[in-house]
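# Descriptive structure summary
Read off the chains here:
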Amino acid sequence: MAASNCDMCVNYIYDEEDECYYCLVNLDEDEMYRFLTGHQKECPYFRLDDEYGVVRHQM
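Below, the structure is looked at part by part. (Residues numbered from 1 in each chain as written. Predicted model: local features only at pLDDT ≥ 70, side-chain atom pairs only at ≥ 80, totals over all residues. Heavy atoms only, no water.)

Before going further, it helps to spend a moment on the overall build of the chain. Of regular secondary structure, the chain possesses two helices and two strands. The N-to-C order of helical and strand elements in the chain reads β-β-α-α. In the chain, buried positions account for 10% of the 59 residues. Put simply, 49% of the contacts in the chain that link residues at least 6 apart link residues at least 24 apart. Per element, the accessible surface of the chain, about 5,500 Å² overall, is 51% carbon and sulfur. (Helix = DSSP H or I, 4+ residues; strand = E, 2+ residues; numbered from the N terminus. Buried < 20%, exposed > 50% of the residue type's maximum accessible area, 1.4 Å probe, protein only. Contact = heavy atoms within 4.5 Å. Areas by Shrake-Rupley, 256 points an atom, 1.4 Å probe, with all protein chains shown as cover.)

This is the structure we're talking about:
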């Protein structure tokens with residue numbers, strides 16, 4: 001599942017010390033180029049931050 005909404009991604013975290021958001025994924029040079037130039041429409045590392053997924057799995 002790929003998407004372009006970083007706000008809903010589990011890899012997009014808030015750093016309280018720096019008071020800003022960071023992506024935890026380390027992109028290689030080619031991936032960073034595609035990201036910065038807008039050639040990649042969807043992030044291949046997107047994972048939905050579904051905090052209730054574990055609860056649904058336990059039911």
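For the structure on display, the rule yields two aromatic pairs. Consider the rings of Tyr12 and Tyr21, whose centres lie 5.1 Å apart with planes at 10 degrees: the pair is stacked. Residue Tyr12 is classed as partly exposed on the basis of its relative accessible area of 27%. Taken together through their ring pairs, the aromatic side chains of Tyr12, Tyr14 and Tyr21 make up a single cluster. (Phe/Tyr/Trp six-rings, centres within 6.5 Å; stacked < 30°, edge-to-face > 60°.)

Okay, unusual backbone geometry next. If you check the backbone angles, Glu19 has positive phi at about 55 degrees while not being a glycine. Take Glu19: it is sitting in the loop between strand S1 (12-15) and strand S2 (20-23).

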